[in-house]
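Here is how the chains run, residue by residue.
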Amino acid sequence: MSETADAGHPTGGVAEIDEPTRRDFLLWSTIAVGGVGTAIAVWPFIDQMNPAADTLALASTEVDLSQIEVGQSITVIWRGKPVFIRHRTEEEIKEAESVELSALPDPQADADRVEKPEWLVMVGVCTHLGCIPLGQKPGDSKGDFGGWFCPCHGSHYDTSGRIRKGPAPANLPVPAYEFTDDTNIRIG
Ligand code: FES
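Throughout this description, residue numbers start from 1 for each chain and increase along the sequence as written. Residues qualify for local features only when their pLDDT is at least 70, as the model is predicted, and side-chain atom pairs are given and counted only at 80 or more; totals for whole chains, interfaces and linings, by contrast, use all residues. Just so you know, side-chain values use all the structure's heavy atoms and leave hydrogens and water out.

## Here we look at the overall build of the chain
Secondary structure counts use DSSP, requiring at least four H or I residues in a row for a helix and at least two E residues in a row for a strand, with both numbered from the N terminus. On a plain count of helices and strands, the chain comes out with three helices and 12 strands. Exposure is judged per residue with a 1.4 Å probe applied to protein chains only, and the accessible area is read against the type maximum: over 50% gives exposed, under 20% gives buried, and values in between give partly exposed. Sorting the 188 residues of the chain into buried and exposed places 47% on the buried side. The criterion used for residue contact is that any of the two residues' heavy atoms lie within 4.5 Å. Long-range pairs, those at least 24 residues apart, make up 57% of the contacts in the chain with a sequence separation of at least 6. All accessible areas in this document rest on Shrake-Rupley with a 1.4 Å probe, and a residue is counted as covered only by the protein chains that are shown. A total accessible area of about 8600 Å² is found for the chain, and carbon and sulfur atoms account for 52% of it.

Next up, the structure:
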């Protein structure tokens, strides 16, 4: 089974790997092994390394954040879904924290969406009809609020992944996860 994801299409083509010199984007995928997965692979290896769906359904996924620089985003696969992980900049954090909840269609404080302000972890599936929003790759549109943009029907998410404009009814969901140490998280 192939696990691929591309902007705007949950089952779209294989995402491209950007040049390693580009600093704000890394595209990784995790692979679950048994109950807890630790390995990280880039997209082209997913076909060979993808575990069975029943394994994925049960698995947690561990992600090493130590190589993700400020301003970089990666996408990992967890239970068959893309999970966006962004190492937010100070500006992004300030912007996310300064928004009045009354301005939000799905009011949620930024502090309630993160374990640590610099790390945003969320399922990268638009809450409208399930497209994968843009905003992970360099050059992607980040929408009117500097976060993510779903071009399918025009939903704009902010730097906390909260819906701000467009038909999506809810914020990008934050999966259950925890820091297992300073630079590693376990999702699921
Ligand atoms: S699926 Fe994202 S706006 Fe419709």
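## Concerning the state of the cysteines
Our working definition of a disulfide is a cysteine sulfur pair at a distance within 2.5 Å. Inspection of every chain in the model, using the stated rule, returns one disulfide. A sulfur-sulfur separation of 2.0 Å characterises the disulfide bridge that pairs C131 with C152. Taking the sign of the S-S torsion, -105 degrees for the link of C131 and C152, the bridge is left-handed. Of this pair, C131 sits in the loop between β7 (119-123) and β8 (146-150) while C152 is found in the loop between β8 and β9 (155-158), placing the two residues 21 residues apart along the sequence. Under the relative-accessibility criterion, C131 is labelled buried at 11%. C152 gets classed as partly exposed once you look at its relative accessible area, which sits at 27%.

## Thoughts on the sheet that holds β8
A pair of strands counts as paired when DSSP detects no fewer than two bridges linking them. Taken together, the three strands give an open sheet; going across it, the order is β8-β9-β10, and neighbouring strands pair in antiparallel fashion. Since the sheet does not close on itself, it has two edges, and those belong to β8 and β10 (163-165), each with one partner. Taken over all neighbouring pairs, the strand axes of this sheet differ in orientation by 35 degrees on average, direction set aside. Between N-to-C directions, angles cover 0 to 180 degrees, with each direction set by a line fitted to C-alpha atoms, over the stretch in contact for helices.

## Focus on helix α3 (residues 90-98)
When α3 is considered as a whole, its buried residues turn out to be E92, I93 and A96. When α3 is viewed along its axis, its buried side chains cluster within an angular range of 100 degrees and face the same direction. Across α3 from its buried face, at more than 90 degrees, point the exposed residues E90, E91, K94 and S98. The inward-facing, buried residues of α3 contact β6 (81-87). What the arc covers is the set of directions going from the helix axis to the C-beta atoms.

## With respect to the pattern of salt bridges
Each reported salt bridge corresponds to a side-chain nitrogen of Lys or Arg within 4 Å of a carboxyl oxygen of Asp or Glu. Under the criterion given, the structure shown has seven salt bridges. Notably, a salt bridge pairs K165 with D144, separated by 2.5 Å at the nearest N-O pair. Highlighted residues: K165 in strand β10 and D144 in the loop between β7 and β8, separated in sequence by 21 residues. Taking relative accessible area as the criterion, K165 reaches 41% and is therefore assigned partly exposed. According to the relative accessible area criterion, D144 is partly exposed, its value standing at 48%. When the shortest N-O distance is used, the salt bridge between D158 and R164 registers 3.0 Å. We note that D158, like R164, is buried. Three or more residues joined by partner-sharing salt bridges are found here, namely E62, E178 and R186.

## Some points on the packing of aromatic side chains
Here the aromatic set is Phe, Tyr and Trp, taking the six-membered ring for Trp, and pairing holds for ring centres within 6.5 Å; pairs whose planes are under 30 degrees apart are stacked, those over 60 apart are edge-to-face, and all others are tilted. Inspection of every chain in the model, using the stated rule, returns two aromatic pairs. Ring geometry for F84 and W148: centres 6.2 Å apart, planes at 20 degrees, overall stacked. In this pair, F84 is assigned in strand β6 and W148 in strand β8, connecting sequence segments 64 residues apart. Among the residues examined, F84 registers a relative accessible area of 3% and is labelled buried. Judged by relative accessible area, which is 1%, W148 ranks as buried. If you follow K116 out to its NZ or CZ, it ends over the ring of F179, 4.1 Å from the centre. To sit over a ring, a charge needs its Lys NZ or Arg CZ within 6 Å of the ring centre and within 35 degrees of the ring normal.

## Details of the side chain of R113
Structurally, the position occupied by R113 is in the loop between α3 and β7. Counted as positive: Lys and Arg. Counted as negative: Asp and Glu. His and the chain ends are not counted at all. Of the side chains bearing the opposite charge, D110 lies closest to the buried R113, which forms no salt bridge; the N-O distance is 5.5 Å. With near-sequence residues (within four places) excluded, R113 lies in contact with Q108, L120, M122, S160, G161, R162, N171, L172, V174 and Y177.

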